[in-house]
Amino acid sequence: MYVRRMAVRKVVKFGGSSLASARQFRKVGDIIRADKTRRYVIPSAPGKRNNKDTKVTDLLYECYEAASTGASYKKILNQIRERYEEIINGLDLNLNLDHEFANIEENFVKGAGRDYAASRGEYLNGIVMAEYLGFEFIDAAEVIFFDENGNLEADNTNKELAERLEHVERAVIPGFYGSKHDGTIKTFSRGGSDVTGSIVARAIHADLYENWTDVSGFLVADPRVVENPEIIETITYKELRELAYMGASVLHEDAIFPVRKEGIPINIRNTNKPDDKGTLIVESTCRKPRYTITGIAGKKGFCAINIEKAMMNSEVGFGRKVLGVFEKFGISFEHMPSGIDTMTIMVHQSEFEEYEQSVIAGIHRAVEPDGVELESDLALIAVVGRGMKATRGTAGRIFSALAHARINVKMIDQGSSELNIIIGVKNNDFDQAIRAIYDIFVETEV
């Protein structure tokens with residue numbers, strides 16, 4: 001008995017740097033044509049061609065602000081038009097966008113909204129990409145829907161997209177935007193083309209979602225801190241969430257959820273180095289990680305509120321009362337390590353400073369502590385890895401590395417999943433701490 005294998009289908013998203021010029025477009029075309037399973041393409045707006053260049057999305061914002069307020073805007077609009085004409089001419093396409101630009105100009109003057117303005121970069125690039133590849137163009141506004149409050153209608157969108165793409169072999173769907181029920185354009189936050197790709201991948205039950213950018217995958221550490229860090233070969237959704245929350249950024253974090261529901265892996269690839277395997281993001285894996293840790297990420301700018309009270313551990317509702325004070329002032333907490341007679345609340349210093357005295361007074365009224373002390377200018381570093389659970393002495397190696405680098409640890413917090421360890425250090429020690437941890441787990445690990 002022979003079982004017919006369903007055709008493999010991949011969704012491929014290309015970032016702004018991958019589509020910044022005709023030369024980059026040709027690279028993208030070669031990548032898509034090299035694999036016939038790459039059937040659904042999600043383009044971003046043209047990004048920077050060099051360090052001194054401006055992204056098309058930023059030009060659109062600038063043009064809209066001028067046009068909608070009656071200021072001079074023609075020069076900026078022509079600048080945007082020239083970017084697309086340069087790409088079209090460089091690709092030898094028989095394509096004219098005059099009608100589209102006339103429509104955009106009219107809507108800018110009428111004040112169609114910043115979301116509409118920002119979305120036109122992806123919209124126009126989608127038209128160019130579809131013409132270049134010979135694929136069908138599908139306006140994202142027709143298949144991706146938001147409610148009146150600007151929240152994505154995931155189920156409605158999934159149903160509409162699935163029906164629309166059921167009989168479409170190859171299509172280009174612009175990233176970054178959709179529409180409300182009244183037809184108003186609504187965008188995701190910056191980087192939202194990643195989310196569009198994920199939504200499309202879910203709708204067509206894709207075998208793989210390839211996200212092409214200008215790096216060869218996720219790096220173990222920030223290259224601005226660690227010189228030439230290693231690339232992460234495979235990472236789970238949970239590990240990615242932990243690292244993304246602490247500042248590691250290659251993929252829009254909301255892009256994880258649609259594909260996670262379907263168990264679809266994401267492959268981060270490099271447009272300029274298409275032979276690199278990149279990073280594979282999966283729900284779960286039997287693959288043994290190359291190192292004990294998967295990645296290191298962190299943020300500066302925290303402060304600690306240290307609360308002391310004898311026998312606080314036996315006082316029912318103590319933690320709830322303390323956190324209620326922070327909630328009253330709209331301050332969210334990051335971590336809350338505690339002992340028998342102590343509790344520490346870690347918060348963003350910028351959020352806390354305005355209300356610090358009110359919060360301290362509120363804590364005194366709520367729980368009558370023996371004392372409250374503040375420590376500012378702290379950084380949090382997350383050491384993340386599925387390999388840590390099965391490896392003894394991970395925390396000890398971290399402390400040893402930091403002690404050797406003469407770095408004082410202000411806080412440590414480990415989640416119950418044993419997937420991550422959070423370390424608090426002074427802002428001034430942030431870079432050195434990350435380098436020390438990277439060295440002990442990557443450079444010296446056998």
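This section reports on the structure supplied with the text. (Residues numbered from 1 in each chain as written. Predicted model: local features only at pLDDT ≥ 70, side-chain atom pairs only at ≥ 80, totals over all residues. Heavy atoms only, no water.)

## Notes on the sheet that holds strand 9 (residues 266–270)
Then comes step 1: Ordered by their spatial adjacency, eight strands build an open sheet running 3-4-2-1-7-9-10-8, and the pairing between neighbours is mixed. Taken across any chain shown, the strands that pair with only one partner, and hence form the sheet edges, are strand 3 (136–137) and strand 8 (234–236).
Then comes step 2: In terms of strand pairing, strand 1 (residues 10–14) meets strand 7 (residues 208–213) through five bridges, oriented parallel. Looking across to strand 7, one finds that Lys-10 is bridged to Leu-208.
Then comes step 3: Helix-sheet contacts for helix 8 (residues 237–245) involve strand 8 and strand 10 (279–282), and the interaxial angle to strand 8 is about 85°. (Pairing = 2+ DSSP bridges. Helix = DSSP H or I, 4+ residues; strand = E, 2+ residues; numbered from the N terminus. Contact = heavy atoms within 4.5 Å. Axes fitted to C-alpha atoms, helices over the stretch in contact; angles between N-to-C directions.)

## What about the packing of aromatic side chains?
Then comes step 1: For the structure shown, the criterion picks out nine aromatic pairs.
Then comes step 2: Taking the centre distance of 6.4 Å and the plane angle of 25° together, the rings of Phe-326 and Phe-352 count as stacked. Here Phe-326 is found in helix 10 (residues 318–328), whereas its partner Phe-352 is found in helix 11 (residues 349–352), with 26 residues between them in sequence.
Then comes step 3: On the accessibility criterion, Phe-352 (1% relative accessible area) is buried.
Then comes step 4: One aromatic cluster is present, formed by Tyr-64, Phe-108 and Tyr-116 through successive ring pairs.
Then comes step 5: We note Arg-120 situated over the ring of Tyr-123; from NZ or CZ to the ring centre the distance is 4.4 Å.
Then comes step 6: The ring of Phe-146 has Lys-186 sitting right over it, with the charged end atom 5.5 Å from the ring centre. (Phe/Tyr/Trp six-rings, centres within 6.5 Å; stacked < 30°, edge-to-face > 60°. Buried < 20%, exposed > 50% of the residue type's maximum accessible area, 1.4 Å probe, protein only. Lys NZ or Arg CZ within 6 Å of the ring centre and 35° of its normal.)

## Some remarks on the sheet that holds strand 16 (residues 420–426)
Then comes step 1: Taken in spatial order, the six strands line up as 12-13-11-14-16-15 in an open sheet, and their pairing is antiparallel. Strand pairing shows two members of the sheet lacking a second neighbour, strand 12 (333–335) and strand 15 (411–414), which therefore form its edges. The sheet shows a mean angle of 40° between the axes of neighbouring strands, taken without regard to direction.
Then comes step 2: Pairing of strand 11 (residues 295–308) with strand 13 (residues 342–348) involves seven bridges; the strand directions are antiparallel.

## With respect to the side chain of Glu-122
Then comes step 1: Relative to the helices and strands, Glu-122 is located in helix 5 (residues 114–133).
Then comes step 2: The contact partners of Glu-122, leaving out residues within four places of it in the chain, are Pro-43, Ser-44, Ala-45, Thr-57, Pro-174, Gly-175, Phe-176, Tyr-177 and Ser-193.

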